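If you want the building blocks of each chain, they are given just below.
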Amino acid sequence: MTIQITIMAVSAAGMIALLVHKHLELSRGLETRVHDMRRKTDPVLSEIHQAAGRAVSHVTWSNIVLAVNLAFVRVVRFFMNVSHRVHKASSDLVEKASRKTEDLSKGGAASFYLKQIKESKDSSLSTTPTKEL
């Protein structure tokens, strides 16, 4: 906070000094030290002013709409690329997992439960009575 206040105070002092020198030149006809510096910097400042005016004159509603459209397209393209990479990585992971086919009958506890389910289904099918028509 103190840095900002210091910068503002120095800028204000500089502007006040320039205004005082300009007033002295106009009222008394004196040439101060700032006169030569201002004479050298005036063409540079006028060129900057003209360039800024040209740049601002190119800003139109259609250019603003085009810039917003371009930004939107780039954001959407970024998210589409991220989504594509995530999809590709997950599909590669699923493909690798599907290649690793394991015989469940050789497994341990999982095959035991599968055998019990199969046996219970077989026994329930054989014990169900059939109706004769």
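Just so you know, these numbers come straight off a predicted model, no measurement behind them.

Engineer: Even after reading the chapter, I still don't get the overall build of the protein chain, so can you show me in this structure?
Structural biologist: Each helix and strand counted, the protein chain has 4 helices and 0 strands in total. Shown N-terminal to C-terminal, the secondary structure of the protein chain runs as helices and strands in the order α-α-α-α. Per-residue burial over the protein chain gives 3% buried out of 133 residues. As displayed, the protein chain has an accessible area near 12700 Å², and 66% of this comes from carbon and sulfur atoms.

Engineer: Please explain the packing of aromatic side chains as it appears in this structure.
Structural biologist: Two aromatic rings are characterised by how far apart their centres lie and by the angle between their planes. Counted under the stated rule, the structure contains 1 aromatic pair. Residues Phe78 and Phe79 carry aromatic rings whose centres are separated by 5.4 Å and whose planes lie at 65° to one another, so their mutual orientation is edge-to-face. Exposure remark for Phe79: the relative accessible area of 53% places this residue in the exposed category.

The rules behind these values
- Note that residues are indexed from 1 along each chain, following the sequence as it is written.
- pLDDT decides what is reported in this predicted model: residues at 70 or higher carry local features, side-chain atom pairs at 80 or more are listed and counted, and totals for whole chains, interfaces and linings draw on all residues regardless.
- In computing side-chain values, all of the structure's heavy atoms are included and hydrogens and water are not.
- Helix numbers and strand numbers start at the N terminus; a helix is a DSSP run of H or I with at least 4 residues, a strand a run of E with at least 2.
- Throughout this description, buried means an accessible area under 20% of the type-specific maximum (1.4 Å probe, protein chains only), exposed means over 50%, and partly exposed covers the range between.
- In this description, accessible areas are obtained by the Shrake-Rupley approach with a 1.4 Å probe, and a residue is regarded as covered only by the protein chains that are shown.
- Ring geometry is summarised as follows: Phe, Tyr and Trp rings, the Trp one being its six-membered ring, pair when their centres sit within 6.5 Å, and such pairs are stacked at plane angles under 30 degrees, edge-to-face over 60 and tilted between the two.

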